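Per-entry structural report
What follows is each chain in one-letter form.
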Amino acid sequence: MRFDLVTLNLVLAIAETASITRGAEREHLALAAASKRLSDLESRLGVQLFERRARGVELTAAGHALVRHIRSLHASLHAMEDEVAEYSRGIRGHLRVVANASAIAECLPPDLAAFSRAHPDIRITLEDQTSAELQRSVAEGRADVGIFVPPLLESRLQTWHYREGTLVLITPAEHALAGRTQVRFDELLDFDFVGQHTGAALQQMILAQATEQGRALRTRMQVRGFDAIAQLVEAGLGIALMPSAVAERLARLFRLNRIALDEPWAQREYLVGVREQDVLPAVVRRFVEFLCPPFCPPPTVNVSPP
């Protein structure tokens with residue numbers, strides 16, 4: 001079945017104006033021509049898209065589904081137009097990267113800068129998303145590459161090992177644990193925590209570990225950004241877990257103690273993921289090769305249920 005943009009735009013206009021007449025006017029079509037286009041489309045689809053009312057029209061369930069896809073198509077068309085237009089400005093590719101907060105804070109920026117210096121003709125956009133959100137973004141084609149921590153939730157992704165990181169505890173300068181060199185997680189559960197926002201991979205992992213201990217995590221505050229966490233910890237509002245490299249950097253700005261976390265799960269892996277496909281686009285392949293040398297077919301990874 002073939003669709004034309006004029007008819008699809010007409011459907012969207014009718015839906016947004018709740019009127020065939022106003023929808024036709026918005027798309028600069030005669031009312032008779034618009035009515036015929038709509039009727040022909042409904043006949044081809046075998047469904048009714050609008051309920052005719054005394055004061056206009058209302059989308060049916062099938063109409064809502066079609067409008068959702070039309071809006072998605074518009075977004076893709078705009079993205080296509082923007083990307084193709086970039087070639088006229090000397091840019092030879094556009095890479096959409098999504099990463100979780102830990103990857104952005106701990107290891108990704110220097111690699112993005114080095115890749116940009118090596119490939120100045122490739123434009124990179126970066127968005128901060130949770131590990132679960134970004135896996136969906138890549139699997140559904142809204143992003144090209146994702147950098148995240150396991151578990152792998154999307155069977156539509158292929159992944160490669162990128163980096164490893166270590167979690168440490170940070171406390172205020174004056175704290176009961178301040179003199180320790182390392183601690184076990186169960187020793188922390190009597191203290192208030194400052195955590196990341198709900199949905200962040202690190203926050204979810206800490207909650208899961210507390211549940212395994214049969215304890216509740218005393219999360220006093222949740223914020224976005226490790227610098228905000230560090231400021232709240234310095235002020236004495238709780239303790240926090242964060243990547244070691246980030247804690248080391250923030251300890252130069254705030255009065256914090258860093259203490260090793262004596263747990264096997266304190267060692268974390270970062271993965272690079274792309275949508276499963278037979279041939280990677282040249283720009284994506286170049287980026288993955290840069291982040292994950294030597295580039296090779298990904299290993300088999302168990303997928304956790306979403």
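Residues numbered from 1 in each chain as written. Predicted model: local features only at pLDDT ≥ 70, side-chain atom pairs only at ≥ 80, totals over all residues. Heavy atoms only, no water.

**What to know about the overall build of the protein**
Of regular secondary structure, the protein possesses 11 helices and 12 strands. Relative to a compact globule of 306 residues, whose C-alpha radius of gyration would be 19 Å, the protein shows 25 Å and is clearly more extended. Looking at the protein residue by residue over its 306 residues, the buried ones come to 42%. In the protein, the share of contacts with a sequence separation of at least 24, taken over all contacts with a separation of at least 6, comes to 71%. Just so you have it, the protein exposes about 16,300 Å², and 51% of that area is on carbon and sulfur atoms. Taking the 34 positively charged and 37 negatively charged side chains of the protein as two groups, their mean positions are separated by 4 Å. (Helix = DSSP H or I, 4+ residues; strand = E, 2+ residues; numbered from the N terminus. Rg over C-alpha atoms; globule rule 2.2 N^0.38 Å. Buried < 20%, exposed > 50% of the residue type's maximum accessible area, 1.4 Å probe, protein only. Contact = heavy atoms within 4.5 Å. Areas by Shrake-Rupley, 256 points an atom, 1.4 Å probe, with all protein chains shown as cover. Lys, Arg positive; Asp, Glu negative; His and termini not counted. Charge placed at Lys NZ, Arg CZ, Asp CG, Glu CD.)

**What about the nonpolar core?**
In a soluble, globular protein the nonpolar side chains are often hidden away together inside. Grouped together as the largest cluster of nonpolar side chains are 35 residues, with contacts concentrated most on Phe185, Leu188, Leu241 and Leu261. If you list the elements that add at least two residues to this core, you get strand E6 (157-172), strand E8 (193-196), helix H8 (201-212), helix H9 (226-234), strand E10 (240-243), helix H10 (244-250) and strand E11 (256-261). If you tally residues by element for this core, the top one is H9, at five residues. Among all residues touching leucine 241, those that are not within four sequence positions of it are Val168, Leu169, Phe185, Leu188, Phe193, Leu202, Ile206, Leu261 and Trp265. (Core = buried A, V, L, I, M, F, W, Y, C linked by side-chain atoms within 4.5 Å.)

**As for empty space enclosed by the protein**
A full pass over the atoms with the stated rule returns one cavity of 30 Å³ or more. Its volume calculated, the largest cavity comes out at about 50 Å³. Lining the largest cavity are Phe193, Val194, Gly195, Gln196, Leu202, Gln203, Ile206, Leu217 and Leu241. Breaking the lining of the largest cavity down by element, the ones donating at least two residues are E8 and H8. Looking at the lining of the largest cavity, the element that brings in the most residues is E8, giving four residues. A breakdown of the residues in the lining of the largest cavity according to their chemical character gives six nonpolar, three polar and no charged. (1 Å grid on protein atoms, 1.4 Å probe; cavity = no way out; pocket = protein on both sides within 12 Å on 5 of 7 lines; lining within 4 Å. Points joined across faces, edges and corners; volume = space filled by probe spheres on them. Nonpolar A, V, L, I, M, F, W, Y, C, P; charged D, E, K, R; others polar.)

**A look at the confidence of the model for the protein**
Per-residue confidence for the protein gives a mean pLDDT of 90; residues scoring 70 or more make up 92%. Below a pLDDT of 50 lies the segment residues 298-306, which in the model reaches 15 contacts outside its immediate sequence neighbourhood of four places, other chains included. (pLDDT = per-residue confidence, 0-100.)

**Details of the pattern of salt bridges**
For the structure shown, the criterion picks out 17 salt bridges. Between arginine 52 and glutamate 42 there is a salt bridge; the shortest N-O distance is 3.4 Å. Note that arginine 52 is positioned in strand E1 (residues 50-53) and glutamate 42 in helix H3 (residues 31-45), a separation of 10 residues in sequence. Here arginine 52 falls in the partly exposed class, since its relative accessible area comes to 42%. The partner of arginine 285 in a salt bridge is glutamate 289, and the shortest N-O contact between them spans 3.1 Å. (Salt bridge = Lys/Arg side-chain N within 4 Å of Asp/Glu carboxyl O.)

**Concerning the packing of aromatic side chains**
Aromatic ring pairs are reported here in terms of the distance separating the ring centres and the angle at which the planes meet. On inspection of all chains with the given rule, the structure shows four aromatic pairs. Geometrically, the ring pair formed by phenylalanine 115 and phenylalanine 290 is edge-to-face, given 5.4 Å between the ring centres and 75° between the ring planes. Note that phenylalanine 115 is positioned in helix H6 (residues 108-118) and phenylalanine 290 in helix H11 (residues 282-291), a separation of 175 residues in sequence. Given a relative accessible area of 0%, phenylalanine 115 falls into the buried group. Take phenylalanine 290: its relative accessible area is 32%, and that puts it in the partly exposed class. What links up through ring pairs into an aromatic cluster is the set Phe115, Phe287 and Phe290. (Phe/Tyr/Trp six-rings, centres within 6.5 Å; stacked < 30°, edge-to-face > 60°.)

**Side note on helix H1 (residues 5-17)**
In a regular helix each residue adds 1.5 Å, so 13 residues correspond to 18 Å; H1 covers 18 Å between its end C-alpha atoms and thus fits that length. Among all positions in H1, only Thr7, Leu8, Leu10, Val11, Leu12, Ala13, Ile14 and Thr17 are buried. If you check the start of H1, you find a side-chain oxygen 3.2 Å away from the backbone N of valine 6, and it comes from aspartate 4. In the segment just after H1, alanine 18 is the residue with positive phi, at about 60°. (Expected span 1.5 Å × (residues − 1). Polar contact = N/O pair within 3.5 Å; in protein donor to acceptor, adjacent residues only side chain to side chain.)

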